[in-house]
Amino acid sequence: MTLTGIVDYKTFEHPNNGSEITVSVLRLDEPVDLFITSETGDVIEHQGVDEIQLKQSNGENITLSKNDTTKVQVTGELAESPPTAYYLAEYVVWVDTIDFLY
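As a starting point, this report considers the structure included with it. Throughout this description, residue numbers start from 1 for each chain and increase along the sequence as written. In view of the model being predicted, local features appear only for residues whose pLDDT reaches at least 70, and side-chain atom pairs are presented and counted only at 80 or more, with totals across whole chains, interfaces and linings using the full set of residues. Side-chain numbers come from the whole structure's heavy atoms, not from hydrogens or water.

### Brief notes about the pairing of strand S5 (residues 91–100)
Stated precisely, the cut-off is as follows: Paired strands, as defined in this entry, are two strands with at least two bridges between them according to DSSP. Secondary structure elements follow DSSP: runs of H or I no shorter than four residues count as helices, runs of E no shorter than two count as strands, and numbering proceeds from the N terminus.
Pairing geometry for strand S3 (residues 43–56) and S5, over three bridges, is parallel. Looking at S5, one finds that Gln56 is bridged to Val95. Two strands pair when backbone bridges link them, and strand S4 (residues 71–80) and S5 are joined in this way by nine bridges, in the antiparallel orientation. If you follow Val72 over to S5, its bridge partner there is Phe100.

Below you can see the structure in the form of structure tokens.
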């Protein structure tokens, strides 16, 4: 899957211990509808998604050396999020590449 937008960072509270968690998200150029196959094989639809959490394949957040207003193209695998408190939504993109668009 390839998406374009701006990488941003969101901070939210861990639901169990109250600590702050900061994650990287891609704010999409335009909202998209996502269709994700869950581990049980069910297809789950998410309509009008305007941001998607980004993670490296090792589970780490994405950090960029450019400023947050730089448009990027992200290529990776759209998947169901693991069932932990470290994810904002039921979906995540496991990033393969990020290319800066000028």
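### Observations regarding the side chain of His46
Quick note on the threshold: A contact between two residues is defined here by any heavy atoms of the two lying within 4.5 Å.
Relative to the helices and strands, His46 is located in strand S3. If sequence neighbours within four positions are ignored, His46 has contacts with Val32, Asp33, Leu34, Ile36, Glu90 and Tyr91.

### Description of the pattern of salt bridges
Two side chains carrying opposite charge are able to pair once their charged atoms lie near each other. Put simply, the test is: Take a side-chain nitrogen of Lys or Arg and a carboxyl oxygen of Asp or Glu: if they are within 4 Å of each other, that pair is a salt bridge. Any residue under 20% of the maximum accessible area for its type is buried, any over 50% is exposed, and the rest in between are partly exposed; the area is computed with a 1.4 Å probe on protein chains only.
Taken as a whole, this structure holds three salt bridges when the rule is applied. Residues Glu51 and Lys10 are paired through a salt bridge, measuring 2.7 Å at the closest nitrogen-oxygen approach. You can see Glu51 sitting in strand S3 and its partner Lys10 sitting in strand S1 (residues 2–13), a full 41 residues away along the chain. A relative accessible area of 22% means that Glu51 is categorised as partly exposed. As a salt-bridge pair, Lys71 and Asp29 come within 3.5 Å of each other at their nearest N and O atoms. In this pair, Lys71 sits in strand S4 while Asp29 sits in strand S2 (residues 20–37), placing the two residues 42 residues apart along the sequence.

### Here's the deal with the sheet that holds S5
Strand pairing in a sheet relies on backbone hydrogen bonds, with the paired strands running either antiparallel or parallel. What counts is decided by this rule: Only the stretch in contact is used when fitting a helix axis, every axis being a line fitted to C-alpha atoms; angles between N-to-C directions are given from 0 to 180 degrees.
Read around the closed barrel, the five strands follow the order S1-S2-S3-S5-S4; overall the barrel is mixed. Averaged over all pairs of adjacent strands, the angle between strand axes in this sheet comes to 45°, irrespective of strand direction. Here S1 pairs with S4 via five bridges, running antiparallel. Counterpart to Gly5 in the pairing with S4 is Val72.

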